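Structure at a glance
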Amino acid sequence: MKTVIIGGGVVGLTSAYELALSGHDVTVIEAARCGAGASHGNAAKIAIAESTPVPAPGVLLQGIRWMLKPDSPLSIKPSLAPGYLRFLLRMARHCNTHDFEAGLDLHLRLGEDANDLFDEYQAQGIDFEMHDRGVLLAFETRERFDEHCASLPAFEAAGHLPRRLHDDEVREAEPALSDRIRHGLSFSADRQIEPDSLTAGLLAKLTDLGVVVRENTRVGRFVRSGGAVTAVVTSDAEVIKADVFVISAGVPSGVLAGQLGQKIPIYSGKGYSIDYSRAPIQLRTSLTLEDARVAVTPLNGMLRLAGTMEFGSTDDDVNEVRVGAIRRAAQEAFREWGDGQGELAPWAGSRPMTPDGLPVIGRLDSVKNAYINSGHSMLGLTLAPGSARLLSGLMTDGSSTLPGELLARVSPNRF
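Everything in this summary refers to the structure shown in the same document. (Residues numbered from 1 in each chain as written. Predicted model: local features only at pLDDT ≥ 70, side-chain atom pairs only at ≥ 80, totals over all residues. Heavy atoms only, no water.)

**Topic: the packing of aromatic side chains**
Considering all chains together, one arrives at 11 aromatic pairs under this definition. Relative to Tyr121, the ring of Phe118 has its centre 5.7 Å away and its plane inclined at 80°; by these criteria the two rings are edge-to-face. Taken together, the positions of Phe118 and Tyr121, both in helix α6 (residues 114-123) and 3 residues apart, correspond to about one turn of that helix. By the burial criterion, Phe118 is buried, and Tyr121 matches it. Aromatic side chains Tyr276 and Trp337 sit 5.4 Å apart centroid to centroid with 85° between the ring planes, which places their arrangement in the edge-to-face category. Remark: Trp337 occurs in the loop between α12 (320-333) and β19 (347-353) and Tyr276 occurs in strand β15 (residues 267-276); sequence separation between them is 61 residues. Note on Tyr276: relative accessible area 1%, which makes it buried. Residue classification places Trp337 among the buried residues on the basis of a relative accessible area of 4%. (Phe/Tyr/Trp six-rings, centres within 6.5 Å; stacked < 30°, edge-to-face > 60°. Helix = DSSP H or I, 4+ residues; strand = E, 2+ residues; numbered from the N terminus. Buried < 20%, exposed > 50% of the residue type's maximum accessible area, 1.4 Å probe, protein only.)

**Some details on the pairing of strand β18 (residues 302-311)**
Along a regular strand, successive side chains alternate from one face of the sheet to the other. The buried count for β18 comes to 10 of 10 residues, which makes it a mostly enclosed element. Here strand β4 (residues 74-76) pairs with β18 via 3 bridges, running parallel. Its bridge partner lying in β18, Leu74 is registered against Met309. Of the strand pairs in this sheet, β15 and β18 are connected by 7 bridges, and their pairing is antiparallel. Note that in β18 the partner of Tyr276 across the bridge is Leu303. Where strand β17 (residues 294-299) folds back onto β18 in an antiparallel hairpin, the turn is made up of 2 residues, including Gly301, whose phi is positive at roughly 70°. (Pairing = 2+ DSSP bridges.)

Shown next, in the form of structure tokens:
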């Protein structure tokens with residue numbers, strides 16, 4: 001079956017891999033360079049311990065309180081297009097305990113095999129950098145620690161049992177931390193992946209499998225006939241025909257689905273990351289500085305800081321105030337951060353957000369041969385292999401790795 005996948009980020013490339021293994025004749029179409037968007041600038045980790053959906057009790061109210069604080073972890077721009085305002089209002093309706101707990105359960109189910117699947121990728125010859133350092137969620141205040149602990153029963157039910165640490169125990173787990181950090185939750189299962197190496201490894205493997213990858217090729221429109229898609233027309237007027245199509249283009253996925261007659265509310269949540277070519281500190285583990293919402297990920301010969309959520313941005317420009325807040329969080333959290341030598345140019349990019357905080361995976365109702373795999377917010381790397389395997393089963397033989405009630409929760413037809 002000839003299959004076109006629109007989008008060459010980690011979700012699109014893992015989807016291409018799983019479908020190629022299932023016998024599909026796959027072509028990937030990427031508007032820019034594969035893996036150059038959110039897949040490049042993410043927190044560089046399999047974040048099982050941080051699988052909570054973005055819509056959480058009080059999160060948008062907190063964002064409104066922070067609107068006048070330009071360096072806050074969450075920013076909501078007041079001047080928004082009407083569509084974005086509707087998106088935020090829908091998200092507000094999901095900021096309740098019931099939806100939050102249900103969303104967390106779904107993320108944990110979809111990501112439960114992430115480590116095993118990435119191990120499987122390496123065993124099958126996909127070469128990429130991966131570490132097994134776990135993660136320490138680090139808290140300055142008891143209030144934030146207790147707030148986070150409220151979600152632990154869901155993690156513990158899924159087999160993720162963190163160690164609770166206080167005061168000197170925190171610094172025993174990570175000696176680089178300053179006295180400012182008073183509490184911690186240590187999860188041993190979380191891993192770290194250098195995302196560009198994963199993109200390169202997947203591309204090399206896809207080439208071996210005969211997958212055609214078309215970079216710098218933008219989809220202009222779809223050709224439809226008799227309730228089905230028959231082809232895509234690129235921006236340079238090339239017609240690419242196929243039997244089945246998958247939209248996996250990050251934030252633009254919503255617009256592309258709209259061209260096929262289905263409204264799927266996927267909007268941008270802008271994030272930032274900073275790489276250091278020489279790590280300013282040596283770390284035993286990866287961390288998330290929970291009060292500042294900044295991830296700190298050690299990799300081979302480098303360190304990555306990543307954080308912030310910015311709703312309402314329509315560009316990938318770097319806001320120096322927000323980058324400064326990320327730097328400052330690291331300077332305050334670690335004893336000997338130094339002057340930050342080796343800092344590379346900061347990155348900013350858009351992550352695909354949905355109003356309920358859940359990914360969108362499945363066949364569109366509007367056409368009989370188009371699917372979508374997108375909307376993973378800040379969990380693209382974590383959920384990519386599970387999402388790809390789920391999509392491949394649905395497209396190949398109708399099988400599902402999720403039970404029916406959970407499959408309905410990620411369906412594109414839920415909106």
